[in-house]
Amino acid sequence: MFENLSAVLDENEEDSLLDPLLKTKIIQHLRSFESELNIYFPEIEEEKGKLVKNPFSSTLDITAIPSVVQDEFLDLKHESAAKDLYEEKSLIVFWCSMYQSYPKVSEIALQLLLPFSPSFYKSRIKARTDWMWTPT
């Protein structure tokens, strides 16, 4: 993660650019920091990212989507009104609008799009999206 620092430290190792004790403390701190960052910014599975960005893409691998969500996803993918809304609205508005009709798929998308939102906000999305769009 910290390639530039590693390169500088490796190049200047013979020159004793840093006190070895200080270098050890910096490395420990950066490793700890990297672990914390991985908690808050985990690697996003490629297929989940594709699902969120464009659920109507023909290149999505349906087998990479959790099996409990696959039927709901296929229903969403083939709904023309949802596709029209996707083309008109931002991703957040689109997925919030889909929450009532497709809660499992929307939950996956919203977890990726709103990773830092409080849990009470996520639980109220359903109530707040009533006014946005209701499929017929």
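What comes next is a walk through the structure. Only a predicted model underlies this, so the values are computations on that prediction, with no experimental measurement involved.

1. Topic: the packing of helix H4 (residues 67–77) against helix H7 (residues 103–113)
Then comes step 1: Two elements in contact, H4 and H7, have axes separated by 8 Å at closest approach and are oriented at 95°. With respect to H7, the element H4 is oriented roughly perpendicular. For the pair H4 and H7, contact is made by Val 68, Val 69, Glu 72, Phe 73 and Leu 76 and by Pro 103, Lys 104, Val 105 and Ile 108, respectively.
Then comes step 2: Tallied by class, residues from the contact of H4 with H7 come to seven nonpolar, no polar and two charged.

2. Some remarks on the nonpolar core
Then comes step 1: With 22 residues, the main nonpolar core has Leu 76, Phe 94, Trp 95, Met 98 and Val 105 as its most contacted residues.
Then comes step 2: Elements with a contribution of two residues or more to this core: helix H3 (46–53), H4, helix H5 (80–88), helix H6 (91–98) and H7.
Then comes step 3: Ignoring any residue separated from it by four or fewer positions in sequence, one finds Phe 94 in contact with Pro 55, Phe 56, Leu 76, Ala 82, Leu 85, Tyr 86 and Lys 89.

3. Focus: the environment of Ile 108
Then comes step 1: Relative to the helices and strands, Ile 108 resides in helix H7.
Then comes step 2: In this structure Ile 108 comes out as buried when scored by relative accessible area, which is 12%.
Then comes step 3: Considering only alpha carbons, one finds Ile 108 and Val 52, 56 residues apart in sequence, at a separation of 8.0 Å.

4. Details of the packing of aromatic side chains
Aromatic ring pairs are described here by two measures, namely the spacing of the ring centres and the angle between the planes.
Then comes step 1: The tally for this structure, following the rule as stated, stands at four aromatic pairs.
Then comes step 2: Geometrically, the ring pair formed by Tyr 86 and Phe 94 is edge-to-face, given 5.4 Å between the ring centres and 80° between the ring planes. The residues Tyr 86 and Phe 94 share a single accessibility class, namely buried.

5. Some remarks on the environment of Pro 115
Then comes step 1: Considering the arrangement of structural elements, one finds Pro 115 in the loop between H7 and helix H8 (119–123).
Then comes step 2: Here the alpha-carbon distance between Pro 115 and Tyr 40, two residues 75 residues apart in the chain, equals 8.2 Å.

Rules behind the numbers
- Residues numbered from 1 in each chain as written.
- Predicted model: local features only at pLDDT ≥ 70, side-chain atom pairs only at ≥ 80, totals over all residues.
- Heavy atoms only, no water.
- Axes fitted to C-alpha atoms, helices over the stretch in contact; angles between N-to-C directions.
- Helix = DSSP H or I, 4+ residues; strand = E, 2+ residues; numbered from the N terminus.
- Parallel < 35°, antiparallel > 145°, perpendicular 65-115°, else oblique.
- Contact = heavy atoms within 4.5 Å.
- Nonpolar A, V, L, I, M, F, W, Y, C, P; charged D, E, K, R; others polar.
- Core = buried A, V, L, I, M, F, W, Y, C linked by side-chain atoms within 4.5 Å.
- Buried < 20%, exposed > 50% of the residue type's maximum accessible area, 1.4 Å probe, protein only.
- Phe/Tyr/Trp six-rings, centres within 6.5 Å; stacked < 30°, edge-to-face > 60°.

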